[in-house]
Amino acid sequence: MAHTLPALGYAFDALEPHIDALTMQIHHDRHHQAYVDNLNKALAGTEGEGKSLEELMANISKYPAAVRNNGGGHWNHTLFWEILGPSGSQPSGALADAINAAFGSLDALKEKMNTAGTTRFGSGWAWLIVKDGKLDVCSTPNQDNPLMDIAEVKGTPILGIDVWEHAYYLKYQNKRPDYLGAIWNVINWDAVAAKFEAAK
Ligand code: MN3
């Protein structure tokens, strides 16, 4: 079955002023749609056509670059829309405990993620992952992710921050650190907690 673009769970302007409506619209409707379309094109008529995204990620070294780039792009953005939201919530319960155990505090986690995102040269992603039952932070280039068999650091992502310029350039221009500072206002920690429970 062909891969499809998931609907956003909120309006394009729901993350204002931290992420602007036009960026959200272009990012979801054009960039993510293009990853989905190009993934379907790359898989058409191949044995990968019937595989789930997760199966593709786990064996990505066996597939052409178009599947790696567009399959990663599809998986990464699907997670990204889910872990964003207008609520401005805070982590609680088991997730808050795990964050404190791994990093000392939520602020220390944010700093580690922001460093991972700022120091990723060019385009890529910063990740909070579950690895061997514990939380860790890493980053990947391009549209790679920690589910891929080629990833330097492997684990299950529960929060990902897109640091491609298309994620922030309209509002923040070249100031990636400003975007990374603002995005913490629109993290849906309930969604992150659900992913944490599923990954443990
Ligand atoms: Mn993107």
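Let me sum up the structure you'll find in this document. Starting afresh in each chain, residues are numbered from 1 along the sequence in its written order. The predicted nature of this model means local features are confined to residues of pLDDT at least 70 and side-chain atom pairs, given and counted, to a pLDDT of 80 or more, with totals for whole chains, interfaces and linings taken over all residues. Water and hydrogen atoms play no part in the side-chain values, which are based on all heavy atoms of the structure.

So, on to the overall build of the protein. On a plain count of helices and strands, the protein comes out with eight helices and three strands. Across the protein, helices and strands are ordered from the amino to the carboxyl terminus as α-α-α-α-α-β-β-β-α-α-α. Classification of the 200 residues of the protein by burial places 46% in the buried group. Contacts in the protein between residues at least 24 apart in sequence constitute 68% of all its contacts with a sequence separation of at least 6. Note on areas: these come from Shrake-Rupley sampling with a 1.4 Å probe, and a residue is covered only by the protein chains present in the view. Surface summary for the protein: the accessible area is close to 9,200 Å², and the carbon and sulfur share equals 51%. Residues scored as charged are limited to Lys and Arg (positive) and Asp and Glu (negative), so that His and the chain ends carry no count. Here the site of a charge means NZ on Lys, CZ on Arg, CG on Asp, or CD on Glu. Within the protein, the 23 negative side-chain charges are centred at a point lying 5 Å from the centre of the 16 positive side-chain charges. Runs of H or I in DSSP of at least four residues are treated as helices and runs of E of at least two as strands, each being numbered from the N terminus. Burial classes: relative accessible area under 20% of the type maximum marks a residue as buried, over 50% as exposed, and values in between as partly exposed (1.4 Å probe, protein chains only). Every residue pair with non-hydrogen atoms within 4.5 Å of one another is taken to be in contact.

This brings us to the coordination of the manganese ion. Metal coordination angles in their ideal form are 109.5 degrees for the four-donor tetrahedron and 90 or 180 degrees for the six-donor octahedron. Taken together, the protein ligands of the manganese ion are His-27 (NE2), His-77 (NE2), Asp-162 (OD) and His-166 (NE2), with distances of 1.9 to 2.1 Å. Along the chain, the residues that donate to the manganese ion are spaced as H-x49-H-x84-D-x3-H. With His-27 in helix α1 (residues 21-43) and His-77 in helix α3 (residues 65-83), this pair connects stretches of sequence that are 50 residues apart. We note that His-27, like His-77, is buried. Note on donors: an N, O or S atom is included if it sits within 2.8 Å of the metal, or within 3.2 Å for Na, K and Ca, and water is never included, so sites can look incomplete.

On to the environment of Trp-189, then. Mapped onto the elements, Trp-189 comes out in helix α8 (residues 189-199). A relative accessible area of 3% means that Trp-189 is categorised as buried. The spatial distance from the C-alpha of Trp-189 to the C-alpha of His-27 is 22 Å, given a sequence separation of 162 residues. Once residues within four sequence positions are removed from consideration, Trp-189 is found in contact with Ser-89, Gln-90, Pro-91, Leu-95, Ile-99, Leu-106, Leu-109, Leu-159 and Trp-184.

Burial of nonpolar side chains together is a common tendency in soluble globular proteins. In this text, buried Ala, Val, Leu, Ile, Met, Phe, Trp, Tyr and Cys residues form a nonpolar core when linked through side-chain atoms within 4.5 Å. Leu-84, Leu-135, Leu-159, Tyr-179 and Trp-189 are the most contacted members of the largest nonpolar core, which has 54 residues in total. Those residues in contact with Leu-84, other than ones at most four positions away along the chain, are Tyr-10, Leu-15, Ile-19, Ile-183, Val-186, Ile-187 and Asn-188.

Here strand β1 (residues 124-131) runs beside strand β2 (residues 134-141); their pairing, made up of eight bridges, is antiparallel. Bridge assignment links Trp-125 to a residue of β2, and that residue is Thr-140. Here, strands pair whenever DSSP counts at least two bridges between them. Adjacent in sequence and paired antiparallel, β1 and β2 are bridged by two residues, among which Asp-132 carries a positive phi angle near 50°.

Within the secondary structure, Thr-23 is located in helix α1. Once residues lying within four places of it in the same chain are set aside, the contact partners of Thr-23 are His-166, Ala-167, Tyr-168 and Leu-170.

Moving on to helix α4 (residues 93-103). Residues of α4 that are buried include every one of Leu-95, Ala-96, Ala-98, Ile-99 and Phe-103, and no others. Projected down its long axis, α4 carries its buried residues within an arc of 160°, all on one side. Exposed side of α4, more than 90 degrees from the buried face: Asp-97 and Ala-101 are the residues found there. Where α4 is buried, its residues touch α5 (106-119), β1, β2, β3 (156-162) and α8. A positive phi of about 100° marks Gly-104, the residue just after α4. Throughout, the arc means the angular range of directions from the helix axis out to the C-beta atoms.

Aromatic rings from Phe, Tyr and Trp, taking only the six-membered ring of Trp, are treated as a pair when their centres fall within 6.5 Å; an angle between ring planes under 30 degrees marks them as stacked, one over 60 as edge-to-face, and anything in between as tilted. If you walk through the whole model with that rule in mind, you get seven aromatic pairs. Here the aromatic rings of Trp-75 and Trp-127 are separated by 6.5 Å at their centres, their planes lie at 50°, and the arrangement is tilted. Here the residue Trp-75 occupies a position in helix α3, and Trp-127 occupies one in strand β1, the gap between them amounting to 52 residues. Their ring planes at 15° and their centres at 6.2 Å tell us that Trp-184 and Trp-189 sit as a pair that is stacked. Taking relative accessible area as the criterion, Trp-184 reaches 9% and is therefore assigned buried. Here the aromatic cluster, defined as three or more aromatic residues joined through ring pairs, consists of Trp-75, Phe-80, Trp-81, Trp-125 and Trp-127. Note on geometry: a ring has a charge over it if NZ (lysine) or CZ (arginine) is within 6 Å of the ring centre and within 35 degrees of the ring normal. Directly above the ring of Tyr-172 sits Lys-171, whose terminal nitrogen or CZ lies 5.8 Å from the centroid.

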